[in-house]
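# Remarks on the overall topology
Okay, here's what each chain looks like letter by letter:
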Amino acid sequence: MSVRVRFSPAPSGELHVGSARTALFNWLYARNTDGTFLIRIEDTDTSRTREEWVDAIGDTLRWLGLDWDETPWRQSQRIPEYLAAADRLLASGDAYECFDTSEELEAMNAERKAAGLPPGYDGRGRDLTADQRAALAAEGRPRTVRFRTPDTGRSVFTDAVRGEVAVEWSTISDFVIVRSDGSPLFFLANAVDDLAMEITHVIRGEDLIDTTHRVLAIRRALGGVEAPMYAHLPLILQADRAKLSKRHGAVAVEDFRARGILAEALFNYLSLLGWAPDDDREVMTAPDVVAAFTLERVTHSAAIFDDKKLEWMNGEWIRRLSLAELVERVRPFAVERYGDGFDEGIFVAGVTVGQERASTLVSLADQLAFLFAGDAFAVADDVWSQVSTVDQPAAVLDAVIRHVTGCDWNVDSIGEMRAAITELGLKPGKVMKLLYAAIEGRAAGLPLFDSIELLGREISVARLVAARARLG
RNA sequence: GGCCCCGUCGUCUAGCGGCCUAGGACGCCGCCCUCUCAAGGCGGAAGCGGCGGUUCGAAUCCGCUCGGGGCUACCA
């Protein structure tokens, strides 16, 4: 039987890295097994769904390199299917109608809490007669449909990464599957669709592990024979071990993209959060990961998202890109910043020099600022006060100005300024930050000699002279 | 509170009874290279949560305990 997996995002915001990791693992499994990767938009909660997010999530998945195989399913277009399923459950007695108001339910839970009982529906609507239901409905009370869970016994399923997972049915009370506004809930839609889509493997976050029992119960009641294999992935946590949230920096994939993280790097990094190949490889291409991916090697414990390691990996990928490719990746960030003074030749030369040490596309684009600053170039006060404290700043600048004014115009000749500095009895490394600031406006940046060559003699000398003048 | 899942360096992980005086990577520290450094090279500190068992032998198996996370909605 061919593998069919699905990624089912709720379009209530941008794609979260946790969701992206779930999508990625589904995709990896499908590609590794030559199976089918499907998308299902879970938009039954109309109050939280926004159409723009549907497109945005698709764009993000494509950017990450995750392609899907068939037209995405939309739960909002399948409401009649879910309600028909609910009717069948009603007819078979697996579900029943309830007419409790939210106030009554709140009061019920308050009572249970006071009595030391866990919260949950007490089953008060289970045995209403048809007449009673009609009467309650006539009162204008809200009508919901609840699924009837067993009172005894255990629910057991085998998870591909966790093994056997079991829970007592007595701890799961009857739950709502159709809201009072007539719309279906997650559990129902999930069971109906996994059946209809012939999903063979459900790969998702561990936060959903407890819902599996309920979805599986509905599935069985609906006549589903063979259940899909479930695989619950460890959660991704932030540094304080709490769930990833917007309060703690970037959590949306688009945030990383905007920061200049490469899709290759995020793909690679996310692959290694909760999974590892059976060797020491870390920097891996998508085909490498696809070839090595198995559910058996998915790890069990929650993983903390390490931004530092992501940045390191991003640098690795920046170095692996061809120059032409890197230029195209940096371009939008550079155009955004230097639109007016943008010069293609200078830009490409700058990226060439910066590729070796950059960690993000944004940091690389930022380092190019001095090349496009023109007459607006200035060294910020805080930078200046930090770099002007080197030994003999005036003598250093005088010597360098003299050198740059007269030397041949190539990197090696420009670099001979080191000798001029040494002659002053100084170690070049100790005073270079002054020169970096004078030329690039920052204490550290693109390699200086290349930068001076790129800038040209006239502008370079002018900037050095300006710095000298500032010393007084 | 109840239920479920999880527990190897700060972090991601390798490990599936002897190959482990626990390996790799990020980060950190030091040194080197050197024109800054966000790159490169070399080296270092750093971990099996705890307690009992099983066994000739346990990071690996079992129990308890402690700790972390998740769920407990007319969200998904």
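Heads up: the structure comes first, above all this text.
The following refers to the structure shown. (Residues numbered from 1 in each chain as written. Chains lettered and ligands numbered in written order. Predicted model: local features only at pLDDT ≥ 70, side-chain atom pairs only at ≥ 80, totals over all residues. Heavy atoms only, no water.)

### Quick look at the overall build of chain A
Across its full length, chain A carries 22 helices and 12 strands. At 31 Å, chain A has a C-alpha radius of gyration far larger than the 23 Å of a compact globule built from 472 residues. Buried positions account for 47% of the 472 residues belonging to chain A. Intrachain contacts of chain A at a sequence separation of at least 6 include 76% that bridge at least 24 residues. Carbon and sulfur atoms make up 50% of the accessible area of chain A, which amounts to about 22,200 Å² in all. (Helix = DSSP H or I, 4+ residues; strand = E, 2+ residues; numbered from the N terminus. Rg over C-alpha atoms; globule rule 2.2 N^0.38 Å. Buried < 20%, exposed > 50% of the residue type's maximum accessible area, 1.4 Å probe, protein only. Contact = heavy atoms within 4.5 Å. Areas by Shrake-Rupley, 256 points an atom, 1.4 Å probe, with all protein chains shown as cover.)

### A closer look at the sheet that holds strand β1 (residues 4-7)
Strand order in the open sheet formed by 3 strands is β1-β2-β3, and the pairing between neighbours is parallel. Each edge of the open sheet carries a strand with a single partner, namely β1 and β3 (73-74). Pairing analysis gives 4 bridges linking β1 to strand β2 (residues 36-41), with the strands arranged parallel. From the neighbouring strand, Arg4 faces β2, where its bridge partner is Thr36. Here helix α1 (residues 17-32) sits on the sheet and contacts β1 and β2; the angle it forms with β1, its principal contact strand, is near 165°. (Pairing = 2+ DSSP bridges. Axes fitted to C-alpha atoms, helices over the stretch in contact; angles between N-to-C directions.)

### Let's talk about the sheet that holds strand β4 (residues 95-98)
Ordered in space as β4-β5-β8, the 3 strands form an open sheet in which the pairing is antiparallel. Whereas interior strands pair on both sides, the edge strands pair on one side only; in this sheet they are β4 and β8 (175-178). Ignoring which end each strand starts from, the neighbouring axes of this sheet average 45° apart. Alignment of β4 against strand β5 (residues 144-147), held across 4 bridges, turns out to be antiparallel. For Tyr96, the partnering residue across the bridge sits in β5 and is Arg146.

### Things to note about unusual backbone geometry
Positive phi, normally seen in glycine, also occurs at Glu198, with a value near 55°. Turning to its location among the elements, Glu198 is positioned in the loop between α6 (186-196) and β9 (201-205). Positive phi is not limited to glycine here, since Gln392 has a value of about 45°. One can find Gln392 in the loop between α16 (381-387) and α17 (393-406). Looking at Gln392, the relative accessible area reads 39%, which means it is partly exposed.

### Some thoughts on the packing of aromatic side chains
Applying the stated criterion across every chain, the model contains 12 aromatic pairs. Among the aromatic residues, those joined into a ring-pair cluster are Phe147, Phe175, Phe186 and Phe187. Its end group placed over the ring of Phe25, Arg21 keeps NZ or CZ at 5.0 Å from the ring centre. Above the plane of the ring of Phe377 lies Arg463, whose end atom (NZ or CZ) is 3.8 Å from the centre. (Phe/Tyr/Trp six-rings, centres within 6.5 Å; stacked < 30°, edge-to-face > 60°. Lys NZ or Arg CZ within 6 Å of the ring centre and 35° of its normal.)

### Description of the protein's contact with RNA strand B
Every one of the 66 residues lining RNA strand B counts as a neighbour, but Arg179, Glu282, Arg357, Arg418 and Tyr436 are closest to it. Close to the protein, within 4 Å, the atoms of RNA strand B belong to sugar or phosphate groups at a rate of 66%. One nitrogen or oxygen atom from the side chain of Thr44 is found 2.9 Å from a phosphate oxygen belonging to RNA strand B. The residue makeup of the surface near RNA strand B, split by class, is 28 nonpolar, 13 polar and 25 charged. (Near = heavy atom within 4 Å. Polar contact = N/O pair within 3.5 Å; in protein donor to acceptor, adjacent residues only side chain to side chain. Nonpolar A, V, L, I, M, F, W, Y, C, P; charged D, E, K, R; others polar.)

### Observations regarding helix α9 (residues 263-271)
Across the 9 residues that make up α9, a large majority, 8, are buried. All of the buried residues in α9 are Ala263, Ala265, Leu266, Phe267, Asn268, Tyr269, Leu270 and Ser271. Elements that come into contact with the buried residues of α9 comprise α1, α2 (51-64), α8 (253-258), α10 (286-292), β12 (303-304) and α11 (307-320).

### Considering the environment of Val5
By secondary structure assignment, the location of Val5 is in strand β1. Spatially, the C-alpha atoms of Val5 and Pro228 are 9.5 Å apart, while their sequence positions differ by 223 residues. When residues no more than four places from it in sequence are discounted, the contact partners of Val5 are Asn26, Tyr29, Ala30, Thr36, Phe37, Leu38, Ile199, His201 and Ile203.

### Observations concerning α2
A turn of α-helix holds 3.6 residues, and therefore any two residues three or four places apart point the same way. Compared with the 20 Å implied by 1.5 Å per residue over 14 residues, the 21 Å span of α2 between its first and last C-alpha is a close match. Along α2, the residues that are buried comprise Trp53, Val54, Ile57, Gly58, Thr60, Leu61 and Leu64. Taken down its axis, α2 places every buried residue within 165° of arc, on the same side. Among the structural elements, β1, α1, β2, β3, α8 and α9 are those in contact with the buried residues of α2. Gly65 occupies a position one or two residues after α2 and carries a positive phi of about 95°. (Expected span 1.5 Å × (residues − 1). Arc of directions from axis to C-beta.)

### Re the side chain of Arg78
Of note, Arg78 is situated in the loop between β3 and α3 (79-92). Filtering out sequence-adjacent residues up to four positions away, Arg78 remains in contact with Trp73, Val192, Asp193 and Ala196.

### Quick look at the pairing of β5
Going residue by residue along β5, you find Thr144 and Arg146 tucked away on one face and Val145 and Phe147 tucked away on the opposite face as well. Here β5 runs beside β8; their pairing, made up of 3 bridges, is antiparallel. Within the sheet, the bridge partner assigned to Val145 lies in β8 and is Val178.

### Some remarks on the pairing of strand β7 (residues 163-168)
Here 6 bridges tie strand β6 (residues 154-159) to β7, and the two strands are oriented antiparallel to one another. Residue pairing in the sheet places Ser155 in a bridge with Val167 of β7.

### Observations concerning the pattern of salt bridges
Applying the stated criterion across every chain, the model contains 34 salt bridges. Arg40 is paired through a salt bridge with Asp193; the nearest N and O atoms lie 3.8 Å apart. In this pair, Arg40 is assigned in strand β2 and Asp193 in helix α6, connecting sequence segments 153 residues apart. In this pair, the class of Arg40 matches that of Asp193, namely buried. With a shortest N-O distance of 2.7 Å, Arg143 and Glu97 are connected by a salt bridge. Placement of the pair is Arg143 in the loop between α5 (130-138) and β5 and Glu97 in strand β4, with a sequence separation of 46 residues. (Salt bridge = Lys/Arg side-chain N within 4 Å of Asp/Glu carboxyl O.)

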